[in-house]
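Report on the structure
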Amino acid sequence: KTIKPGGYAELTAEVRDFGLLKRRPVFYAVLLGVILLALVASVAGLWVLHDTWWALLLAPVFAVVSTQIGFFGHDAAHRQISRRERTSRILGLFSANLLNGLSYGWWLDKHNAHHAHPNDLDSDPDVRAAACAASQPACPPPITTTSNRVMRLIFRYRRWRRCAGARPPTSSRR
């Protein structure tokens, strides 16, 4: 019995043929330089504005810089920057642990589990997030028991009842 490859294998081959999966170390070196320059400028701005409310204007800048650092670490973990495991690990540790304050080892384990079972409600750690506490059959059941009165109140009257991509419940509301 032969197994016909799915659409993903064909798509991957086409993307690879276009050269979109080639490593681009020069691009990433320039990107890291720009990210570090933006981070240094943001920290300098925070140092200058530290006693004023104007410092709040830097929050979106820090959010963008932090996200770009995360993307850089993600690409390093996927060995998109370097084929060498050691180089990729050093870049991942530098970007995640040092610059973003996120455990690279923890994230890598979680991300590998995600890639092993993408979008599987039982196995993908990214799908089983606490934000996905809903009452649909496609989502984990809501948490209804807790000893904390405040948490019980929140769970009882919460408005968020949907998972990403799930339809809102059609049955009677609680």
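The structure reproduced in this document is the subject of the present report. Position labels on residues start from 1 in each chain and follow its written sequence. A pLDDT threshold of at least 70 governs which residues receive local features in this predicted model, and a stricter bar of 80 or more applies before side-chain atom pairs are shown or counted, although totals over entire chains, interfaces and linings include all residues. Excluding hydrogens and water, the side-chain values take into account all heavy atoms of the structure.

1. Re the overall build of the protein chain
Under the convention used in this document: Numbering of helices and strands runs from the N terminus; a helix is a DSSP stretch of H or I covering at least four residues, while a strand is a stretch of E covering at least two. Burial status follows relative accessibility: with a 1.4 Å probe on protein chains alone, a residue under 20% of its type maximum counts as buried, one over 50% as exposed, and anything between as partly exposed. Note on definitions: a residue-residue contact is assigned when non-hydrogen atoms from the two residues lie within 4.5 Å.
Check the secondary structure of the protein chain and you find six helices and zero strands. Put simply, the protein chain runs from its N terminus to its C terminus through helices and strands in the order α-α-α-α-α-α. Per-residue burial for the protein chain yields a buried fraction of 24% across its 174 residues. In the protein chain, once contacts between residues fewer than 6 apart in sequence are set aside, the share between residues at least 24 apart is 48%.

2. As for unusual backbone geometry
Positive phi is not limited to glycine here, since Arg79 has a value of about 55°. Within the secondary structure layout, Arg79 lies in the loop between α3 (59-77) and α4 (85-100).

3. Describing the packing of α3 against helix α5 (residues 104-116)
Formally: Comment: axis = line fitted to C-alpha atoms, over the contacting stretch for helices; angle = value between 0 and 180 degrees taken between N-to-C directions. By definition, turning the near helix anticlockwise from the far helix through less than a right angle yields a left-handed crossing, and turning it clockwise yields a right-handed one. Residues are sorted three ways: Asp, Glu, Lys and Arg are charged, Ala, Val, Leu, Ile, Met, Phe, Trp, Tyr, Cys and Pro are nonpolar, and all the rest, Gly among them, are polar.
For the pair α3 and α5, interaxial distance at closest approach is 11 Å and the crossing angle is 65°. Crossing of α3 over α5 shows right-handed handedness. The residues of α5 that touch α3, namely those facing Gly73, His74 and Ala77, are Tyr104, Trp107, Leu108 and His111. Classifying every residue of the contact of α3 with α5 gives four nonpolar, three polar and no charged.

4. A short note on the nonpolar core
A general feature of soluble globular proteins is that nonpolar side chains tend to end up buried together. Defined as follows: Nonpolar core, defined: a set of buried Ala, Val, Leu, Ile, Met, Phe, Trp, Tyr and Cys residues in which side-chain atoms within 4.5 Å join the residues together.
Core analysis: the biggest nonpolar cluster contains ten residues, these being Tyr28, Leu32, Ile35, Leu39, Val65, Ile69, Phe72, Ala76, Ile81 and Leu91. Counting residues per element, the ones that place at least two in this core are α2 (25-48) and α3. Sequence-distant contacts of Phe72, that is, excluding residues within four places in its chain, are made with Tyr28, Leu31, Leu32, Ile35, Ile81, Leu91 and Ser95.

5. Observations regarding the packing of α2 against α3
Two measures define how a pair of helices packs: the angle their axes make with one another and the distance between the axes. For the record, the criterion: We call two directions roughly parallel when the angle between them is under 35 degrees, roughly antiparallel when it is over 145, roughly perpendicular when it lies between 65 and 115, and oblique otherwise.
In contact at an axis separation of 10 Å, α2 and α3 are set at 150° when each is read in the N-to-C sense. In terms of their interaxial angle, α2 and α3 are classed as roughly antiparallel. As for how α2 packs across α3, the hand of that crossing is left-handed. Here Tyr28, Leu31, Leu32, Ile35, Ala38, Leu39, Ser42, Val43 and Leu46 of α2 come into contact with α3, specifically with Val61, Phe62, Val65, Gln68, Ile69, Phe72 and Asp75. Taken together, the residues of the contact of α2 with α3 sort by class into 13 nonpolar, two polar and one charged.

6. Focus: the packing of aromatic side chains
What counts is decided by this rule: When the centres of two rings from Phe, Tyr and Trp lie within 6.5 Å, Trp using its six-membered ring, the rings pair. Their planes under 30 degrees apart give stacked, over 60 give edge-to-face, and anything left gives tilted.
The final tally for this structure, using the stated rule, is three aromatic pairs. Ring centres of Tyr28 and Phe72 lie 6.1 Å apart, and the angle between their planes is 65°; on these two criteria the pair is classed as edge-to-face. Placement of the pair is Tyr28 in helix α2 and Phe72 in helix α3, with a sequence separation of 44 residues. Pair check on accessibility: Tyr28 and Phe72 agree, each one buried.

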